[in-house]
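Spelled out, the chains give:
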There are 2 protein chains.
Amino acid sequence: MFTSSEENYLKAIYHLEIGVDKGVSTNAIAEKLVTKASSVTDMVKKLSEKELIIYKKYQGVSLTNFGKKIASNIVRKHRLWEVFLVEKLNFSWDEVHDVAEQLEHIKSPKLIQQLDLFLGFPTHDPHGDPIPDKDGNLKAIEKSLLSSLIKNESGICVGVNDSSKDFLQFLDKKGITLGKLITVLEKEDFDGSLFIQIDRKKLSISNKISNNLYIKKQ
Amino acid sequence: MFTSSEENYLKAIYHLEIGVDKGVSTNAIAEKLVTKASSVTDMVKKLSEKELIIYKKYQGVSLTNFGKKIASNIVRKHRLWEVFLVEKLNFSWDEVHDVAEQLEHIKSPKLIQQLDLFLGFPTHDPHGDPIPDKDGNLKAIEKSLLSSLIKNESGICVGVNDSSKDFLQFLDKKGITLGKLITVLEKEDFDGSLFIQIDRKKLSISNKISNNLYIKKQ
DNA sequence: ACATTATTTTAGTCTTGTCTAAAATAATAT
DNA sequence: ATATTATTTTAGACAAGACTAAAATAATGT
Ligand SMILES: [Mn+2]
Ligand SMILES: [Mn+2]
Ligand SMILES: [Mn+2]
Ligand SMILES: [Mn+2]
């Protein structure tokens, strides 16, 4: 149906337009896809021709319903494959992304339907991100940034805001994984750092870390 | 490392040079890949530049050891994915090929290593074809065409020579699947057709069929 | 041996997706 | 209001991988 390149542009726009009400800028897409603005302009014209996005010169772009459907399906495939890699093939959560970037472009509706079944219809990927259903709907989980907790509050770790290898490996090193209970013992006002309890360990984490960890308050 | 297109050419040459001692012809490759001879000439020059094949004008081509390694690895991936689709995702043997054609190009050594483990190190794919190991070696199974059996001989069905959807679905319809015991009850000399027993059923099959079914004699 | 046919290669073109450099437009600052 | 800067688009080029048509070479038949 569509080329891998087209799919990657749709996916980028899908992620970029979340939570913003104006069009996604050419430069934003270029940065996300590590390409040049001129290349983006070219592709954006093609996607517009195919009614996947709305595009007016200098105005940025937004997905049509059709485009949204295609894009969310790529995200769905990406996240299902990530679950597969972690649950069935012993990958760790910092190893799955690059492979999923390839697998998400495999074309076979039956494959994804059966994979979904095989995995037991997961709703979230290994990073806590929701998996869209066939219609693109996603089950929003109520979550807050760890940095928003105050002293003596606690919650379960349910996701990350930054999925980079570096950050995920850092969390592993500190013993922070999804499902763990975190309690805020102290909060330093001057730098926003937290002194937390996780398992039997107490540790101090910077504001940069707590701004990238999602918690389900309890 | 290599593009999907390059990998497809290498795989085609790999399959075509089995059992022949002279170079694989341009036309043979073109036919297998459903492309034009001129396109093949172009690609063959590139692969030759990269030391994947030996090519001299008008002489046909053959894989170098390096090319053979790359090609057998694609075949390995193709067949492991076919096993996965049948064993884990409820695909039937006539549905797996097209998806495997895509999956074989996914680049991740860890993925294949873990898939192999997950599947229990299978040696053959759903069509009875051997799965090359990491070094390209394949475990040859002794097998004969069903058409070579004589009256009252029998054997286990271990593979197909034709993996087309049509043929595989025909076999399903007749209840012929890998692992089944087949006994030749009668052999007609004038058309080579066989009257065989499989399970409790007796049926007649044409020479065209028996020429595409591999049997392990017993 | 030579004419005919089949195969392979070359030459030139096209599409996709990228790039650089330059031009056009929009946003911002004085 | 105008100058400066930032963003976006256009123009032109390139590489990969395909194609058609024509030329070159090899194979075959008489
Ligand atoms: Mn990912
Ligand atoms: Mn993810
Ligand atoms: Mn196959
Ligand atoms: Mn097979």
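Everything numeric in this text was worked out from a predicted model, so none of it was measured. (Residues numbered from 1 in each chain as written. Chains lettered and ligands numbered in written order. Predicted model: local features only at pLDDT ≥ 70, side-chain atom pairs only at ≥ 80, totals over all residues. Heavy atoms only, no water.)

J.: Looking at this model, I keep getting lost on the relation of the copies chain B and chain A. Mind explaining?
T.: Here the second copy of the chain follows from the first by a rotation about an axis and a shift along it. Once chain B is rotated about the relating axis by 180 degrees and shifted along it by 0.0 Å, it coincides with chain A to within an RMSD of 0.0 Å. Here the copies are linked by what is in effect a two-fold axis. Among all C-alpha atoms of chain B, that of Leu103 of chain B lies closest to the rotation axis, at 3.8 Å. Both copies contact each other with a shared surface, as 100% of the interface residues of chain B are interface residues in chain A too. (Least-squares fit on C-alpha atoms with pLDDT ≥ 70 in both. Contact = heavy atoms within 4.5 Å.)

J.: Sorry if this is basic, but what is going on with the domain arrangement of chain A here?
T.: For interface size, the figure often reported is the accessible area lost on association. As far as domains go, chain A holds domain 1 (4-63) and domain 2 (144-217). Domain 1 of chain A and domain 2 of chain A are separated by 34 Å when their C-alpha centres are compared. (Domains from an automatic or database assignment.)

J.: It is not clear to me how the packing of helix H4 (residues 65-89) of chain B against helix H5 (residues 96-103) of chain B should be interpreted in this structure. Could you clarify?
T.: Residues and elements named next belong to chain B. Contact pair H4 / H5: the axes reach a minimum separation of 9 Å and the direction vectors enclose 130 degrees. The angle between the axes of H4 and H5 places the two elements in the oblique class. When the axes of H4 and H5 are compared, the crossing they make is right-handed. When H4 is examined against H5, the residues His78, Trp81, Glu82, Leu85 and Val86 are found in contact with a partner set consisting of Val96, His97, Val99, Ala100, Glu101 and Leu103. Considering only residue class, the contact of H4 with H5 consists of 7 nonpolar, 2 polar and 2 charged. (Axes fitted to C-alpha atoms, helices over the stretch in contact; angles between N-to-C directions. Helix = DSSP H or I, 4+ residues; strand = E, 2+ residues; numbered from the N terminus. Parallel < 35°, antiparallel > 145°, perpendicular 65-115°, else oblique. Left-handed = near helix turned anticlockwise from the far one by under 90°. Nonpolar A, V, L, I, M, F, W, Y, C, P; charged D, E, K, R; others polar.)

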